[in-house]
Amino acid sequence: MTTPDAAAQTPAADSSREPAFRYTPALAQEIELRWQDRWEERGTFHAANPSGDLTGPGGAAPSGDPYFILDMFPYPSGAGLHVGHPLGYIATDVVGRYRMMQGDNVLHAMGFDAFGLPAEQYAVQTGEHPRVVTERNIEIYRRQLRRMGLAHDQRRTFATIDPGYVRWTQWIFLQIFDSWYDADAVRPGGGKGRARRIAELRDELAAGTRPVPGYPAGTDWAALSVTEQRDVLDSQRLAYVDESPVNWAPGLGTVLANEEVTADGRSERGNFPVFTKALRQWKMRITAYADRLTDDLELIDWPEKVKSMQRNWIGRSTGASVRFDVIGTSDDDAAGAGEQVEVFTTRPDTLFGATFMVVAPEHPLLDEVPAAWPDGTREAWTGGHATPAEAVAAYRAASAAKTAVERQADAGKKTGVFTGHLAVNPLTGTPIPVFTADYVLMGYGTGAIMAVPGGDDRDFAFATAFELPVIYTVLPDGGLPEGFEGAWTGDGVTVNSPAADAGDIPASDLAINGLGVAEAKAATIAWLEARGIGEGTITYRLRDWLFSRQRYWGEPFPIVWDEQDRPVAIPESALPVDLPDVPDYAPRTFDPNDQDSSPEAPLGRNDDWVSVTLDLGDGPKQYRRDTNTMPNWAGSCWYYLRYLDPSRADADTVVDPALDAYWMGPNHNPESGVAGGVDLYVGGVEHAVLHLLYARFWHKVLFDLGFVSSVEPFGKLFNQGYIQAYAYRDAHGFPVPAAEVEGNETSGYTWQGQSVAREYGKMGKSLKNVVTPDEMYEAYGADTFRLYEMSMGPLDVSRPWNTRDVVGSQRFLQRLWRNVVSEDTGETVVSDEVPSTETLRAVHRAIADVTAEMAGMRPNTAIAKLITLNNYLTSLDSVPRAAVEPLVLMVAPLAPHVAEELWERLGHPESLAREPFPVADPQYLVEDTVTCVVQVQGKVRGRLEVPPSISDADLQAAALAEPNVVKAMDGKPVRKVIVRAPRLVNVVV
RNA sequence: GCCCCCGUAGCCCAAUCGGCAGAGGCAGCCGGCUUAAACCCGGCCCAGUCCGGGUUCGAGUCCCGGCGGGGGCACCA
């Protein structure tokens, strides 16, 4: 580094006359390294399992309530940590240490998410194997994290690339592959729908108790060929292969899940264009779980923001599907007459107002269109084309040529064309034109809508552009507001259903005028169902999860393909399937805009690996291995389970059921709810719909199959804020090294004499504002660093890093140190005298406050209370042991090394890690007198010192006698007196 | 366009059920210590809570409408 780092600026380092035993960065470092070694030697943070060989420190059995803490899995990038990364890790460490002192059996460990693109990309650049790169990065992370003094159980760490871990990732994949979703099966805990074994499906099909999916009713299972049977079963699996439109990113060389594509049609990683392309890929049937993934959010303690993002993403919407008859043109033949188009609508109550219909350009109805424009076709509808066939072909071509980005940019602009088809509104009997337009998406609902311009903004915009009639069927009380134009989408009363002037032959006997929206919906659905025209339906935005990637650095699929090109599971005994060596592990990437390219899996480059002879029960046969790898998310879908049982190898279950029940089962401790799961999961909000959705899905499959007992993996989720930083740019807009900038908010900022502009944003190399934990350890020590991060503000709020402010935390620890240890002699200086009542009150007040703040996960305010107590003790002539010992214990979760050191110097040979957290004695929490505020008309006019137990009547009498109050009342009669004894009296005159 | 969160001292942030606007830290100022400076110690200064209404005896806190900042979703029928 060419710039002077923070270490060089530390004041403590340059003075030769500093007291010999001051708590300097050098001393802090010595203490910290010593205690880190001791903790490791003693196994201080070993969490005790109720069975097996993982015991507590010194072989101890579990005691207290189990409490499972989880951090979002770090991905060890080559850049190492900056000070923003560990915020959550420190927070969970503080909670873990606090709970440990409260007597809980705390499980807290950290592993590494190590497959994935960054390591692979780095490896491609440097020519090193991704495993080498990844393992080196993990070592750097381990060192940086250990230096922070995190109370992790080191026996439970692992990385997703460990063969022993990959084995189980693949094993879980096989469980999912071996399952199907029975939507009607009743779950043990209640509710319908659960995963079952594929063998059970086969048995039911063979027994004829279940219709064969995809075949006409009454099809005999036994009449199907073996391959036909396999195809049926394969099509029902929760992990399946099919050919359908997927997201293909040529510039990245792989296909992606919907969740990995941004709203403007680019890859979240790398920002490459993404194209929709029909490809044969692995998918996971997450849509089968859409309802449970939505409903079970009720059972867990998560930020409302994340819950709503998940609900949003799943996008459940309730409505009805309605079938419209399509009629040909007048001279059309009978063949087209019977056709129907099904639409999905959330507003069946507005069906009387459906004046036209729109289908997506890809809709199969458009494969044949009438030969000529029907009577009544308007000029504006045809797009200037002579025939419907021409018009539709032109629009379909134009629409197909649009990229997702263009389609996005055109949103709002309504384009489309009449298809020549007419459909019949089943309620009014009126023929209505069928349009095609790209504002209707083939991928949602049925790809067709009934357009109600009177009740939908998009339909209104289209109707306006194409001169189509608007019928309002819902109006607010008192009719549309003066001057209102557009669709009425709000609540209201149903009208025009049927219209008063519908004539003497009503097309239907449904009459919903006067009903509210909800009742009108229900009545319409009932009417449609009774006549077989439609039914109540639920649709989802969620799509099945695209699970295969054409990448090297991921878990291989435990699947081979047989000579019929059908997938076959690798037997569990043959797991894990290791990654082969390949001549080149770089992905095959293409011009980012080359839509016609196709993915090519790097694993396919090793023919010896791909082609394999196996005996899978019917003699040795030749198979072809699946050459895809799993997405990065696979490893993080179940890592929390691995902490419970980190060395589990060959077994029938991924985690010992006894351990699962103990650590994660429903109600496994007093705070755990019926859903069970991890007690505290801390991480950033960025995984709201990726990792957190996928992991919940896998967990629910494992639950259905009986491998875990909790309904949800993460009972409580907490999103920490981000630590951001100031950056500075010179007159040309170039970032200058932030550490060298001088000045402040009022005087302005300069760098090397020139004025620079400050901005606020992420910490990163390009902004030259990175501060690393290593710099902080060097300049202040880990305890000060931890304390500063925790005192910056509430955990869930983002805030700016300010190295300049760190000194405040350091001063606190120095004062604490001085209250116990003489800076000159190094002797312990506490007195064994009984503390004064005033001191005891200060101590117990602090204990009560700190306990409340810690329990509420507010370390910033807990620290403020600790500083207050410490400052009070500083003011005493001598510090009583009985006062400072509780303080040291309370500081321990936040600044554990210095607390351990002081605790030892105070004469305690054992670590304080499991020492009981101090408990406040209620007798020192009551005051002799309290200050009562007396207000007149809500303004403070006087104060009274009164006993806390004073009665309302006495207090009122005293208040009305107070001279300033009497003066303020100015002789006016008292109208009312509000008494909140003993703190407040308010006199109203 | 729709939804969510946040605006308190120069800066980062507290404030229980609606009850005295200040816990803590940074910066600043004054003093002590020091040959001097830094460190350290003691003390001080600093906002009426983004703006406008409303409810209430009483509003930073609740309600309505704006403004500013951050985030999510976005042609999802």
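The preceding data block contains the structure.
Observations regarding the protein's contact with RNA strand B
In step 1: Taken together, 53 residues surround RNA strand B, and among them Thr346, Arg458, Pro794, Arg943 and Asn986 come closest.
In step 2: Taken together, the sugar and phosphate atoms account for 64% of what RNA strand B places within 4 Å of the protein.
In step 3: Between RNA strand B and the protein, one listed contact pairs a sugar or linking oxygen with a side-chain N or O atom of arginine 22 at 3.0 Å.
In step 4: At 2.2 Å from a sugar or linking oxygen of RNA strand B is found a main-chain nitrogen or oxygen belonging to threonine 346.
In step 5: The element contributing the most residues to the surface near RNA strand B is helix α24 (residues 859-874), with six residues.
In step 6: Grouping the amino acids of the surface near RNA strand B by side-chain chemistry returns 19 nonpolar, 16 polar and 18 charged.

Concerning the nonpolar core
In step 1: Membership of the largest hydrophobic core comes to 188 residues, with the highest contact counts inside it found for Phe68, Phe173, Trp545, Phe547, Leu641, Trp698 and Trp801.
In step 2: Judged by nonpolar contacts, the second largest core, of 28 residues, contains Leu365, Ala423, Ala448 and Ile533.

Some details on the sheet that holds strand β20 (residues 611-615)
In step 1: With respect to topology, four strands assemble into an open sheet ordered β19-β18-β21-β20, the strand pairing being antiparallel. Each end of this open sheet is capped by a strand with a single partner; those strands are β19 (567-569) and β20. Strand-to-strand twist in this sheet, taken as the mean axis angle between neighbours without regard to direction, amounts to 50°.
In step 2: Here strand β18 (residues 559-561) pairs with strand β21 (residues 620-625) via two bridges, running antiparallel. Residue tryptophan 561 lies in a different strand from β21, and its bridge partner there is arginine 624.

What to know about the sheet that holds strand β2 (residues 105-108)
In step 1: Read from one edge of the open sheet, four strands run β2-β1-β22-β23, paired in parallel fashion. For this open sheet the edge positions go to β2 and β23 (717-719), each flanked by a neighbour on one side alone. Taken pair by pair, the neighbouring strands of this sheet meet at an average axis angle of 20°, ignoring direction.
In step 2: Where strand β1 (residues 66-71) and β2 come together, four bridges link them in parallel fashion. Opposite phenylalanine 68, over in β2, you have leucine 107 as the bridge partner.
In step 3: Across the sheet, helix α3 (residues 87-101) lies against β1, β2 and β22 (680-683), angled at about 170° from β1, the strand it touches most.

Regarding the packing of helix α22 (residues 806-820) against α24
In step 1: Running from amino to carboxyl end, α22 crosses α24 at an angle of 45°, the nearest separation of the two axes being 10 Å. Considering the angle they form, α22 stands oblique to α24. In terms of crossing hand, the pair formed by α22 and α24 is left-handed. Taking contact as the criterion, the partners of Phe812, Arg815, Leu816 and Asn819 in α22 are, on α24, Leu866, Ile867, Asn870, Asn871, Leu873 and Thr874.
In step 2: By residue class, the composition of the contact of α22 with α24 is five nonpolar, four polar and one charged.

Focus on the pairing of strand β13 (residues 448-451)
In step 1: Of the two faces of β13, both are covered, the one formed by Ala448 and Met450 as well as the one formed by Ile449 and Ala451.
In step 2: The sheet contact formed by strand β10 (residues 356-359) and β13 spans four bridges and is antiparallel. Across the sheet, residue valine 358 finds its bridge partner in β13, namely isoleucine 449.

Looking at the environment of arginine 230
In step 1: Looking at the element boundaries, arginine 230 is found in helix α8 (residues 226-236).
In step 2: Assessed through its relative accessible area of 22%, arginine 230 is described here as partly exposed.
In step 3: Separated by 373 residues in the primary sequence, arginine 230 and leucine 603 have C-alpha atoms spaced 26 Å apart.
In step 4: When sequence neighbours within four positions are dropped, the list of residues in contact with arginine 230 reads Asp562, Gln564, Arg566, Pro567 and Val568.

Describing the packing of helix α6 (residues 163-177) against helix α19 (residues 691-704)
In step 1: At a minimum axis distance of 10 Å, the contact between α6 and α19 shows a crossing angle of 65°. The angle between α6 and α19 falls in the class roughly perpendicular. Considering the relative orientation of α6 and α19, their crossing is left-handed. Side by side, α6 and α19 meet where Thr169, Ile172 and Ile176 of the first sit next to Trp698, Val701 and Leu702 of the second.
In step 2: Classifying every residue of the contact of α6 with α19 by side-chain character gives five nonpolar, one polar and no charged.

Conventions and cut-offs
Counting restarts for each chain, with residues numbered from 1 along the sequence as it is written. Naming scheme: in the order in which they are written, chains are lettered from A and ligands are numbered from 1. A pLDDT threshold of at least 70 governs which residues receive local features in this predicted model, and a stricter bar of 80 or more applies before side-chain atom pairs are shown or counted, although totals over entire chains, interfaces and linings include all residues. Side-chain descriptors were evaluated using all non-hydrogen atoms of the structure, hydrogens and water having been removed beforehand. The nearness test applies per residue and asks whether one of its heavy atoms lies within 4 Å of the molecule or strand. Polar contacts, as counted here, are pairs of nitrogen or oxygen atoms within 3.5 Å of one another; within protein the pair requires one atom able to donate a hydrogen and one able to accept it, and residues that are adjacent in sequence qualify only if both atoms are side-chain atoms. Where helices and strands are cited, they refer to DSSP runs of H or I of at least four residues and of E of at least two residues respectively, numbered from the N terminus. Ten residue types, Ala, Val, Leu, Ile, Met, Phe, Trp, Tyr, Cys and Pro, are classed as nonpolar, four, Asp, Glu, Lys and Arg, as charged, and the remainder, Gly among them, as polar. We define a nonpolar core as any set of buried Ala, Val, Leu, Ile, Met, Phe, Trp, Tyr and Cys residues linked to one another through side-chain atoms lying within 4.5 Å. Each residue is assigned to one of three classes by its accessible area relative to the maximum for its type, calculated with a 1.4 Å probe on protein chains only: buried under 20%, partly exposed between the two thresholds, exposed over 50%. Following DSSP output, two strands are said to pair if at least two bridges run between them. A fitted line through C-alpha atoms represents every axis, and for helices the fit uses only the stretch in contact; the resulting angles, taken between N-to-C directions, go from 0 to 180 degrees. It only takes one pair of heavy atoms within 4.5 Å for two residues to be counted as in contact. When an angle is under 35 degrees it counts as roughly parallel; over 145 it counts as roughly antiparallel; between 65 and 115 it counts as roughly perpendicular; any other value is oblique. A crossing counts as left-handed when the near helix is turned anticlockwise from the far one by less than a right angle, and as right-handed when that turn is clockwise.

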